Amino acid sequence: MAKSIQAIRGMNDILPEQTPYWQHVENSFRQLMQSYGYQEIRMPIVESTALFKRSIGEVTDIVEKEMYTFEDRNGDSLTLRPEGTASCVRAAMQHGLLHNQIQRLWYSGPMFRHERPQKGRYRQFHQFGVEAFGLAGPDVDAELILMSNRLWQKLGMSDDVSLELNSLGSAETRQQYRKILVEYFSAHEAELDDDSKRRLQTNPLRILDSKNPEMQKLNENAPKLIDHLDAESKQDFEVLCNVLNDAGVSYKINPRLVRGLDYYSKTVFEWVTDKLGTQGTICAGGRFDGLVEQLGGKATPAIGFALGLERLIELLEIPEDVQHENNLNVYLVLMGEKALSKGLPLAEQWRNEILGLKLQVNCGGGSIKSQMKKADKSGAGLAFILGDDELEKNIITVKFLREKKEQEMIELSQITDYLKKNIGLIGS
RNA sequence: GUGGCUGUAGCUCAGCUGGUAGAGUCCCGGAUUGUGAUUCCGGUCGUCGCGGGUUCAAGCCCCGUCAGCCACCCCA
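I will try to describe carefully the structure that is included in this document. None of these values were measured; they are calculated from a predicted model.

1. A closer look at the overall build of chain A
Here is step 1 of the chain: Helices and strands together make up the secondary structure of chain A, namely 16 helices and 16 strands.
Here is step 2 of the chain: Compactness check: chain A gives a C-alpha radius of gyration of 28 Å against a globular reference of 22 Å for 428 residues, more than 25% above the reference.
Here is step 3 of the chain: In terms of principal-axis extent, the alpha carbons of chain A reach across some 95 × 60 × 45 Å.
Here is step 4 of the chain: Here chain A holds 428 residues, and the buried ones make up 48% of them.
Here is step 5 of the chain: A sequence separation of at least 24 residues applies to 70% of the contacts in chain A between residues at least 6 apart.
Here is step 6 of the chain: Of the roughly 22,500 Å² that chain A leaves accessible, carbon and sulfur atoms contribute 47%.
Here is step 7 of the chain: Taking the average place of the 52 positive charges on the side chains of chain A and the average place of its 61 negative ones, the gap between the two points comes to 3 Å.

Take a look at the structure:
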């Protein structure tokens, strides 16, 4: 036997046992987007490397050490997308969607980052993303947060997540604040840990994010971004908070919430959970007013968020009825060759006549005992038995697999009506 | 990328201070003729993650490697 090939590290198969959870989340999300008038956009998984370098930022970890970058046959540098926003902006720009227009868009799909895999962190992972273009806020900011809040409600996981908010200010004020912060930390350089010393050079705002308890005191005394906001950012942030208050959405202002991608500005937020260990952010986003211009377009205000499906599904418990909604209605047991040649066409006929009927025909023969076992395992509510006896009398034997009820014999001609009555489906 | 823990049948796991592997489950067959999920009986399945080494002898010890988990880091 040849040596078997395994999946690439950090890239997971999603098995039939798990797919109902994915489908449930995907369906809920799609409905949610429709209910807010957002439209789906689909982008390629591979983009020019330059796109991510210019948007996410040259010195971020994602770009520096986590991208799947390769040369194609033409010698062009391509990259498996590590996130969706850059692609979405590129696509919208390229097709003129941003030309004096408002766009409310969503997408979903796999993203790729070469990190060390851990629970809730994979090399291929899946995100839903939402982006709104052409609106300066803070009204859309609130809309996006309310929208995400509604998703948790829909999925019954509101108790598992909490909202953290901050404002990074405009690009200019962030630049100024950055200087103030660098001065502060430089004055205390001896107290910085190694990571923070490194960040002082590369991305000083991230020092605030440190999990090192020894850094906590230093961080608490650090100048706060929120005290250095420009008037407009401050005003917008207040409005946003007011809307959330009125809508009854609770939140915590986290002055140390900064986000790792360079393009964020003004409003930023995260939905976090304490149930997932260290990978506790399940949804995060913020405003990126400078990005479109940075990628060569006309200055366009924008905001978006992304949520991680693997993490979300980890938290998800789906209700019984949803769990069973893919179950078969009927498993058709066929005894003998005559039944076989009659049974498959019958099944076709029933599927034609009854919209949404979930019916599986036994394949591969077997004794009635083994066929009944398969019927049970299939999850079907009813077993239909078709054998020589039934053929002779033009009937089907119907056995109830999930309830205590005597089995019944039904005339072939009555089966369609019988099914409609018994499984609550309507004719086509 | 750094550190720690783990890796035995498809799945969940046992295997004492080294002596060439077991349980439950799953699957298949049977318990009077065409009836599942319960019960009883029988059966199939492993180069003990992979590669080296130590030893008369290794699943148990050592080294390497791959994979998973946890923390750091990063982030959804």
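Here the narrative resumes, following the displayed structure.
2. Quick look at the nonpolar core
Here is step 1 of the chain: One finds Phe133 and Phe185 to be the most contacted residues of the largest nonpolar core, which totals 44 residues.
Here is step 2 of the chain: Elements with a minimum of two residues in this core: α2 (49-56), α3 (61-66), α4 (85-94), β5 (103-112), β6 (124-133), α6 (171-187) and α10 (291-294).
Here is step 3 of the chain: For this core, the element with the most residues is α4, which contributes 5 residues.
Here is step 4 of the chain: When residues no more than four places from it in sequence are discounted, the contact partners of Phe133 are Cys88, Val89, Leu98, Gln101, Ile102, Gln103, Leu105, Phe288, Val292, Thr300, Pro301 and Ala302.
Here is step 5 of the chain: In this structure, Ala142, Phe269, Leu276 and Leu312 belong to the second largest nonpolar core, which totals 43 residues.

3. Description of helix α1 (residues 19-35)
Here is step 1 of the chain: In this model, α1 (17 residues) spans 24 Å end to end at C-alpha, consistent with the 24 Å of a helix rising 1.5 Å per residue.
Here is step 2 of the chain: Every buried residue of α1 is accounted for by Trp22, His24, Val25, Ser28, Phe29, Leu32 and Met33. All buried residues of α1 project into a common sector of 160 degrees when viewed along the axis, lining one side. The outward face of α1, more than 90 degrees from its buried face, is lined by the exposed residues Gln34 and Ser35.

4. Side note on the environment of Leu357
Here is step 1 of the chain: Looking at where Leu357 falls in the secondary structure, it is placed in the loop between α13 (337-353) and β13 (359-361).
Here is step 2 of the chain: Leu357 sits 63 residues away from Lys420 along the chain, and the two C-alpha atoms are 9.3 Å apart.

5. Points about empty space enclosed by the protein
Here is step 1 of the chain: Evaluated as defined, the whole model comprises 1 cavity of 30 Å³ or more.
Here is step 2 of the chain: The calculated volume of the largest cavity comes to roughly 60 Å³.
Here is step 3 of the chain: Along its surface, the largest cavity is lined by Tyr177, Leu208, Asn219, Glu220, Ala222, Pro223, Lys224, Leu225, Pro255 and Arg256.
Here is step 4 of the chain: Split by residue class, the lining of the largest cavity holds 6 nonpolar, 1 polar and 3 charged.

6. What about the packing of aromatic side chains?
Here is step 1 of the chain: Within this structure, the stated rule accounts for 9 aromatic pairs.
Here is step 2 of the chain: Between Phe29 and Phe128, the aromatic rings sit 3.8 Å apart at their centres with planes inclined by 0 degrees, giving stacked as the arrangement. One end of the pair, Phe29, is in helix α1; the other, Phe128, is in strand β6, and 99 residues separate them in sequence. An identical accessibility class is assigned to Phe29 and Phe128; each is buried.

7. So, the environment of Arg104
Here is step 1 of the chain: Looking at the element boundaries, Arg104 is found in strand β5.
Here is step 2 of the chain: On a C-alpha basis, the gap between Arg104 and Arg81 in space is 21 Å, while along the polypeptide they are 23 residues apart.
Here is step 3 of the chain: In this structure Arg104 touches Gly37, Tyr38, Gln39, Glu131, Ala132, Leu135, Val140 and Glu143, once residues within four positions along its chain are discounted.

8. Some remarks on the side chain of Ser378
Here is step 1 of the chain: With respect to the helices and strands, the residue Ser378 is situated in the loop between α14 (368-377) and β14 (382-386).
Here is step 2 of the chain: Not counting chain neighbours up to four residues away, the residues in contact with Ser378 comprise Leu328, Tyr331 and Gln360.

9. Brief notes about the sheet that holds strand β4 (residues 77-80)
Whenever strands of a sheet pair, they do so through backbone hydrogen bonds, lying parallel or antiparallel.
Here is step 1 of the chain: Strand order in the open sheet made by the 3 strands is β2-β4-β3, with antiparallel pairing throughout. Of all strands in the sheet, those with a lone pairing partner are β2 (46-48) and β3 (68-71), marking the two edges. Averaged over all pairs of adjacent strands, the angle between strand axes in this sheet comes to 35 degrees, irrespective of strand direction.
Here is step 2 of the chain: In the sheet, β2 pairs with β4 via 3 bridges, with the strands oriented antiparallel. Among the inter-strand pairings, Glu47 is bridged to a residue of β4, identified as Thr79.
Here is step 3 of the chain: Sitting on the sheet, α2 is in contact with β2, β3 and β4, with an inclination near 75 degrees to β2.

10. Observations concerning unusual backbone geometry
Here is step 1 of the chain: With a phi angle near 50 degrees, Lys266 is a residue other than glycine that sits in the positive phi range.
Here is step 2 of the chain: Tracing the chain through its elements places Lys266 in strand β9 (residues 265-272).

11. Here we look at the packing of α1 against helix α5 (residues 139-154)
Here is step 1 of the chain: Here α1 crosses α5 at 140 degrees, and the two axes come no closer than 10 Å. Regarding the angle of α1 to α5, the classification is oblique. Of the two possible hands of crossing, α1 and α5 adopt the one that is right-handed. In this structure, α1 uses Ser28, Phe29, Gln31, Leu32 and Met33 to contact α5, whose residues at the interface are Met147, Arg150, Leu151 and Lys154.
Here is step 2 of the chain: Taken together, the residues of the contact of α1 with α5 sort by class into 5 nonpolar, 2 polar and 2 charged.

Scoring rules and cut-offs
- Per-chain numbering applies: the sequence of each chain, read as written, is numbered from 1 onward.
- Naming scheme: in the order in which they are written, chains are lettered from A and ligands are numbered from 1.
- Thresholds applied to this predicted model are a pLDDT of at least 70 for local features of residues and 80 or more for the giving and counting of side-chain atom pairs; totals over whole chains, interfaces and linings are not thresholded and use all residues.
- To get the side-chain values, all heavy atoms of the structure are used, and hydrogens and water are removed first.
- To qualify as a helix, a DSSP run of H or I must reach at least 4 residues; to qualify as a strand, a run of E must reach at least 2; elements of each kind are numbered from the N terminus.
- What the globule rule says is 2.2 Å times the number of residues to the power 0.38, and the radius of gyration is computed from C-alpha atoms.
- The cut-offs for exposure are 20% and 50% of the maximum accessible area for each residue type, with area from a 1.4 Å probe on protein chains only; residues under the lower value are buried, those over the upper are exposed, and the others partly exposed.
- Only heavy atoms enter the contact rule, under which two residues are in contact if any of them lie within 4.5 Å.
- Using the Shrake-Rupley algorithm and a 1.4 Å probe, accessible areas are obtained, with residue cover drawn only from the displayed protein chains.
- All tallies of charge rest on Lys and Arg as positive and Asp and Glu as negative; His and the ends of each chain are not included.
- By convention, charge coordinates are those of NZ in Lys, CZ in Arg, CG in Asp, or CD in Glu.
- In plain words, nonpolar cores are sets of buried Ala, Val, Leu, Ile, Met, Phe, Trp, Tyr and Cys residues tied together by side-chain atoms within 4.5 Å.
- By definition here, a helix of n residues has an expected span of 1.5 Å times n minus one.
- What the arc measures is the spread of directions leading from the helix axis to the C-beta atoms.
- Lining residues are defined by having an atom within 4 Å of a point belonging to a cavity or pocket. Those points lie on a 1 Å grid over the protein atoms alone, cavities being sets where a 1.4 Å probe fits but cannot get out and pockets being open sets with protein on both sides within 12 Å along at least five of seven lines.
- Grid points are joined across faces, edges and corners, and a volume is the space filled by probe spheres set on the points.
- In this count, Pro and Cys sit with the nonpolar residues alongside Ala, Val, Leu, Ile, Met, Phe, Trp and Tyr, while Asp, Glu, Lys and Arg are called charged and the others, Gly among them, polar.
- Here the aromatic set is Phe, Tyr and Trp, taking the six-membered ring for Trp, and pairing holds for ring centres within 6.5 Å; pairs whose planes are under 30 degrees apart are stacked, those over 60 apart are edge-to-face, and all others are tilted.
- Pairing between strands is defined by DSSP: at least two bridges between the two strands are required.
- Angles shown run from 0 to 180 degrees and are taken between the N-to-C directions of axes, each axis being a line fitted to C-alpha atoms and, for helices, limited to the stretch in contact.
- Throughout, the term roughly parallel applies to angles under 35 degrees, roughly antiparallel to angles over 145, roughly perpendicular to angles from 65 to 115, and oblique to all others.
- What makes a crossing left-handed is the near helix being turned counterclockwise from the far one by less than a right angle; a clockwise turn instead makes it right-handed.

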